[in-house]
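So you can see what is in the structure, the chains are spelled out below.
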Amino acid sequence: MKKFPEFREACGVQAVLLGAAFVSGREVAFFFSGAGAYSWLGIGLAAVIFGLLTAMLARLARDTQAASLPGIYYAALGVRCGDALCVLHALTMLMTGAAALSTAGEMGALALDDPCASWLFVGMAMLLALIPALNGMRLIGLLGLIAVPACCLFFLAMALDSRPAAAGAYLTDSLLSSRRFWPLTLTLGILYAFLKAALAGSVAILRGARLRPGRFGLCNGLLLGLTTGLANWALLSQGPETAQLNLPMVVLAARWGVFGFYLAIYLMLLGCAGALACAIGSLSSLISGRVGRLNRLMLVLSALALMSAAGLRSLVEVGYPLLGWLSALALTSLALLREKRRRGAKPLPPGKNAG
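Figured I'd write up the structure that's included with this text. (Residues numbered from 1 in each chain as written. Predicted model: local features only at pLDDT ≥ 70, side-chain atom pairs only at ≥ 80, totals over all residues. Heavy atoms only, no water.)

Regarding its fold elements, the protein chain presents 15 helices and zero strands. At a minimum sequence separation of 6, the contacts of the protein chain that also span at least 24 residues come to 85%. Summed over all atoms, the accessible surface of the protein chain reaches about 15,400 Å², with 68% contributed by carbon and sulfur. (Helix = DSSP H or I, 4+ residues; strand = E, 2+ residues; numbered from the N terminus. Contact = heavy atoms within 4.5 Å. Areas by Shrake-Rupley, 256 points an atom, 1.4 Å probe, with all protein chains shown as cover.)

Here you go:
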């Protein structure tokens, strides 16, 4: 593994993306599985674009010496645009972390019939997230080396199990399974790749700046295609109606009884920890270096806890995708300005290299 650091760091990037929505199957169902066989076209396109984007971010990080996604924005787009996109990135990370905390609490309530279960799962997710976050995300690769194989094996097992799932009670009123328009699937694949690059951009920059951009991007694209493809295979193995399930993977895992149910729950908790680690690390880097490390951490955790506990679920559900797509547009601007970056990088404003 030491001879191929690009793979280890790409696993770290993937750990950030394996949130509860992905592990539960809802994310894959929305973007891909609802299209049936056309879903494979969208997944392939998303993997290619995501690989190219992460390779671009790693190259820009090496050229500009930026240590975060906002730092890249400042270098490529100037101070005014950088300030606006820095706020956008902060709000996106804040909602990402709050959603992860809220979901971890819901997993606790679902797993254990105890009033304290939600707090237990929130504490577990926060503890797992703080380990890489407090080490400059250096250990995020280790989290990825645990989460990525575990999720891949889980999805593969779900796909190979031919027993029907008792899903009737879990069906929603979604019309995703009737979507068979392949241009829409390709469009969603493009948006998916940009959204994922926006969410994991700071981690990709921080961990990929000293790596070979081409190999780093290739590993990221392959891993995204592998995890998403296996999840999609598992969903499609039960027929197109599986895309309408509220928690598809939990329903599929229930075929294994109590063990399968808790396996899905704890994998979703692991996904929450990866997303939360990214949020904590990114938000901490945005706070002035004059603030002590412990104080920065307390400020970030307080902000995440307040947003999560305030019952702002509707705000998160609406605002989070909106901020994600705006961040994706910002990444598009970076891609369009890549040639300009090659002709000479603008110097970073004082203090902006870390975000």
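Now that the structure has been shown, the text picks up again.
What follows covers the packing of helix 4 (residues 39-64) against helix 10 (residues 213-236). Angle between the axes and distance between the axes are the two parameters that describe a pair of packed helices. Running from amino to carboxyl end, helix 4 crosses helix 10 at an angle of 155°, the nearest separation of the two axes being 7 Å. As summarised for this structure, helix 4 and helix 10 are arranged roughly antiparallel, according to the angle between their axes. In terms of crossing hand, the pair formed by helix 4 and helix 10 is right-handed. When helix 4 is examined against helix 10, the residues Ser-39, Trp-40, Ile-43, Ala-46, Ala-47, Phe-50, Gly-51, Thr-54, Ala-55, Ala-58, Arg-59 and Arg-62 are found in contact with a partner set consisting of Pro-213, Phe-216, Gly-217, Asn-220, Gly-221, Leu-224, Gly-225, Thr-228, Gly-229, Asn-232, Trp-233 and Leu-236. Classifying every residue of the contact of helix 4 with helix 10 by side-chain character gives 12 nonpolar, 10 polar and two charged. (Axes fitted to C-alpha atoms, helices over the stretch in contact; angles between N-to-C directions. Parallel < 35°, antiparallel > 145°, perpendicular 65-115°, else oblique. Left-handed = near helix turned anticlockwise from the far one by under 90°. Nonpolar A, V, L, I, M, F, W, Y, C, P; charged D, E, K, R; others polar.)

Moving on, we get to the nonpolar core. Met-249, Ile-280, Leu-331 and Leu-334 are the most contacted members of the largest nonpolar core, which has 110 residues in total. In terms of residue count, helix 5 (residues 69-111) provides more of this core than any other element does, 16 residues in total. Contact partners of Leu-334, with chain neighbours within four places excluded, come to Met-56, Leu-57, Leu-69, Ile-72, Tyr-73, Ala-76 and Leu-77. (Core = buried A, V, L, I, M, F, W, Y, C linked by side-chain atoms within 4.5 Å. Buried < 20%, exposed > 50% of the residue type's maximum accessible area, 1.4 Å probe, protein only.)

So, about helix 13 (residues 293-309). Here helix 13 is 17 residues long and its end C-alpha atoms lie 24 Å apart, about the 24 Å a rise of 1.5 Å per residue gives. Those residues of helix 13 that fall on the buried side of the exposure criterion are Leu-297, Val-300, Leu-301, Leu-304 and Met-307. Along the long axis of helix 13, the arc covered by the buried residues comes to 135°, so they all point the same way. Residues of helix 13 that are exposed and point over 90 degrees away from its buried face: Leu-294, Leu-299, Leu-306 and Ala-309. Of the surrounding secondary structure, the elements contacted by the buried residues of helix 13 are helix 5, helix 6 (117-133) and helix 12 (257-286). (Expected span 1.5 Å × (residues − 1). Arc of directions from axis to C-beta.)

The subject of this paragraph is the side chain of Thr-227. Locating Thr-227 in the fold gives a position in helix 10. Of note is the side chain of Thr-227, whose polar atom sits 3.3 Å from the backbone oxygen of Leu-224. Sequence-distant contacts of Thr-227, that is, excluding residues within four places in its chain, are made with Gln-14, Leu-18, Phe-22, Val-148, Cys-152 and Phe-155. (Polar contact = N/O pair within 3.5 Å; in protein donor to acceptor, adjacent residues only side chain to side chain.)

In this section: a nonpolar patch on the surface. A surface patch of nonpolar side chains, about 410 Å² in accessible area, is lined by Leu-128, Ile-131, Leu-139, Leu-142 and Ile-146. Put simply, the parts of the chain that give the nonpolar patch at least two residues each are helix 6 and helix 7 (140-160). Looking at the secondary structure, you find Leu-139 in the loop between helix 6 and helix 7. According to the relative accessible area criterion, Leu-139 is partly exposed, its value standing at 34%. (Patch = residues over 30% accessible without salt bridge, like charges linked within 9 Å, V, L, I, M, F, W, Y side chains within 5 Å. Salt bridge = Lys/Arg side-chain N within 4 Å of Asp/Glu carboxyl O.)

Take the pattern of salt bridges next. By the definition in use, this model includes five salt bridges. The closest approach of N and O atoms between Arg-8 and Glu-9, which form a salt bridge, is 3.4 Å. In this structure Arg-8 comes out as partly exposed when scored by relative accessible area, which is 25%. The class of Glu-9 is buried, set by a relative accessible area of 4%. The partner of Arg-207 in a salt bridge is Glu-9, and the shortest N-O contact between them spans 3.1 Å. One end of the pair, Arg-207, is in helix 9 (residues 201-208); the other, Glu-9, is in helix 1 (residues 5-17), and 198 residues separate them in sequence. Via salt bridges that share partners, Arg-8, Glu-9 and Arg-207 belong to a single interconnected network.

All chains considered together, the criterion is met by 10 aromatic pairs. With centroids separated by 5.9 Å and ring planes inclined at 65°, the aromatic side chains of Phe-22 and Phe-155 adopt a geometry described as edge-to-face. Linking Phe-22 in helix 2 (residues 20-23) with Phe-155 in helix 7, this pair joins segments that are 133 residues apart in sequence. The burial state of Phe-22 is the same as that of Phe-155; both residues are buried. Geometrically, the ring pair formed by Phe-154 and Phe-155 is tilted, given 5.8 Å between the ring centres and 50° between the ring planes. Neither residue differs from the other here; Phe-154 and Phe-155 are each classed as buried. An aromatic cluster of at least three residues, connected via ring pairs, comprises Phe-30, Phe-31, Phe-32 and Tyr-192. (Phe/Tyr/Trp six-rings, centres within 6.5 Å; stacked < 30°, edge-to-face > 60°.)

Viewed as axis vectors pointing N to C, helix 1 and helix 9 meet at an angle of 165°, and their least axial separation amounts to 9 Å. The orientation of helix 1 with respect to helix 9, classified from their angle, is roughly antiparallel. For the element pair helix 1 and helix 9, the recorded crossing hand is right-handed. Contact residues: helix 1 offers Glu-9, Gly-12, Val-13 and Val-16, while helix 9 offers Val-203, Ala-204 and Arg-207. Class assignment of the residues belonging to the contact of helix 1 with helix 9 gives a composition of four nonpolar, one polar and two charged.

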